[in-house]
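# Summary of the model geometry
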Amino acid sequence: MAILGEKWDNVECSNCGWQPDELVPATFTADGESRRELWPSEGGDACDWIEKNIVLGEGDWYGEKFKLRPDQTEFIYEWYSYCGGCSWWRFTGAIRGEGRGGGKTQFAAALAALELDGPESIAPLSPNICVAAASYEQADILFGQLGLAFGGADDQLPDAPLRGDASVTSRI
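The notes below deal with the structure included here. (Residues numbered from 1 in each chain as written. Predicted model: local features only at pLDDT ≥ 70, side-chain atom pairs only at ≥ 80, totals over all residues. Heavy atoms only, no water.)

### Considering the packing of aromatic side chains
Under the counting rule described, the total for this entry stands at 5 aromatic pairs. Here the aromatic rings of Phe 75 and Phe 107 are separated by 5.8 Å at their centres, their planes lie at 70°, and the arrangement is edge-to-face. Within this pair, whereas Phe 75 is found in helix α2 (residues 70-79), its partner Phe 107 is found in helix α3 (residues 104-117), the two being separated by 32 residues in sequence. Note on Phe 75: relative accessible area 13%, which makes it buried. Taken together, Trp 79, Tyr 80, Tyr 82 and Trp 89 form an aromatic cluster joined through their ring pairs. (Phe/Tyr/Trp six-rings, centres within 6.5 Å; stacked < 30°, edge-to-face > 60°. Helix = DSSP H or I, 4+ residues; strand = E, 2+ residues; numbered from the N terminus. Buried < 20%, exposed > 50% of the residue type's maximum accessible area, 1.4 Å probe, protein only.)

Here it is as structure tokens:
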């Protein structure tokens, strides 16, 4: 099992044995630098979808479109990398840590919405999306943020691009 964040660039696919033999150009640029990667990725589509469809649900930017930071973009490119031989996802699990107020909950909600309602190359036909939190209260906040991506309870965000696509409820 590969865990995101470990150094796996030279490891073969655990399913088919494929190994990248040359660099694959990527569309991602950070700080004006072109990034090249060893493993193909759906990261570009994932980032575009989040920035087009996800609205923020907390604080000063309530109702505004989600704008990914460079570290979040890098995480998404790595998370959605896949085997060039059999197309299996490269990683099966990830843990993302960040300081208080860094947007972890909103980011997790954006990824959950992507997995639920994103492009066909990412969202499975019958999604089973697992998220974890340090407490019941934090999990409740995450479900609330995810719900706002789909317009929220009682159409709190009527201009949310995903409004009506899903209804998110919490069972804590």
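There is more to say after this.
### Some details on unusual backbone geometry
The backbone of Ser 87 sits at a positive phi, close to 70°, despite the residue not being glycine. Tracing the chain through its elements places Ser 87 in the loop between α2 and α3.

### Comments concerning the pattern of salt bridges
Counting across every chain of the model gives 6 salt bridges. With a shortest N-O distance of 2.6 Å, Glu 98 and Arg 69 are connected by a salt bridge. Of this pair, Glu 98 sits in the loop between α2 and α3 while Arg 69 sits in the loop between α1 (43-53) and α2, and the two are 29 residues apart along the sequence. The exposure class of Glu 98 is partly exposed, given its relative accessible area of 25%. (Salt bridge = Lys/Arg side-chain N within 4 Å of Asp/Glu carboxyl O.)

### A short note on helix α4 (residues 136-149)
Here α4 spans 20 Å end to end across 14 residues, near enough to the 20 Å set by a 1.5 Å rise per residue. Taken as a whole, α4 has its buried residues at Ala 139, Leu 142, Gln 145, Leu 146, Gly 147, Leu 148 and Ala 149. (Expected span 1.5 Å × (residues − 1).)

### Re a nonpolar patch on the surface
Judged by side-chain polarity, Leu 116, Ile 129 and Val 131 come together as a nonpolar surface patch covering roughly 200 Å² of accessible area. Within the secondary structure, Leu 116 sits in helix α3. (Patch = residues over 30% accessible without salt bridge, like charges linked within 9 Å, V, L, I, M, F, W, Y side chains within 5 Å. Areas by Shrake-Rupley, 256 points an atom, 1.4 Å probe, with all protein chains shown as cover.)

### So, the layout of surface pockets
By volume, the largest pocket amounts to about 1600 Å³. Every residue lining the largest pocket is counted, 46 residues in all, and those nearest its centre are Lys 104, Thr 105, Gln 106, Phe 107 and Ala 108. Listed by contribution, the elements that provide at least two residues to the lining of the largest pocket are α2, α3 and α4. In the lining of the largest pocket, the residues fall into 24 nonpolar, 12 polar and 10 charged. (1 Å grid on protein atoms, 1.4 Å probe; cavity = no way out; pocket = protein on both sides within 12 Å on 5 of 7 lines; lining within 4 Å. Points joined across faces, edges and corners; volume = space filled by probe spheres on them. Nonpolar A, V, L, I, M, F, W, Y, C, P; charged D, E, K, R; others polar.)

### Let's talk about the nonpolar core
In terms of nonpolar packing, the biggest core is built from 26 residues, with Ile 50, Ile 54, Phe 66, Ile 76, Tyr 80, Leu 111 and Leu 114 touching the most fellow members. Among the secondary structure elements, those contributing two or more residues to this core are α1, α2, α3 and α4. At 7 residues, the largest contribution of residues to this core is made by α3. Here Ile 54 is in contact with Trp 49, Glu 64, Lys 65, Phe 66, Gln 106, Ala 110, Ala 113, Ala 149 and Leu 162, once residues within four sequence places are set aside. (Core = buried A, V, L, I, M, F, W, Y, C linked by side-chain atoms within 4.5 Å. Contact = heavy atoms within 4.5 Å.)

### Points about the environment of Phe 66
The topology assignment puts Phe 66 in the loop between α1 and α2. Distance from Phe 66 to Glu 51, taken between C-alpha atoms, is 5.2 Å for residues 15 residues apart in sequence. Apart from residues no more than four positions distant in its own chain, Phe 66 is found in contact with Ile 50, Glu 51, Ile 54, Val 55, Leu 56, Gln 72, Gln 106, Phe 107 and Ala 110.

### Observations regarding the packing of α3 against α4
Remark: α3 packs on α4, axes separated minimally by 8 Å, with the N-to-C direction vectors making an angle of 50°. One way to sum up the angle between α3 and α4 is to call them oblique. Crossing handedness for the pair α3 and α4: right-handed. Judged by residue contacts, Thr 105, Gln 106, Ala 108, Ala 109, Ala 112 and Ala 113 of α3 engage Gln 138, Ile 141, Leu 142, Gln 145, Leu 146 and Ala 149 from α4. The class makeup of the residues in the contact of α3 with α4 is 8 nonpolar, 4 polar and no charged. (Axes fitted to C-alpha atoms, helices over the stretch in contact; angles between N-to-C directions. Parallel < 35°, antiparallel > 145°, perpendicular 65-115°, else oblique. Left-handed = near helix turned anticlockwise from the far one by under 90°.)

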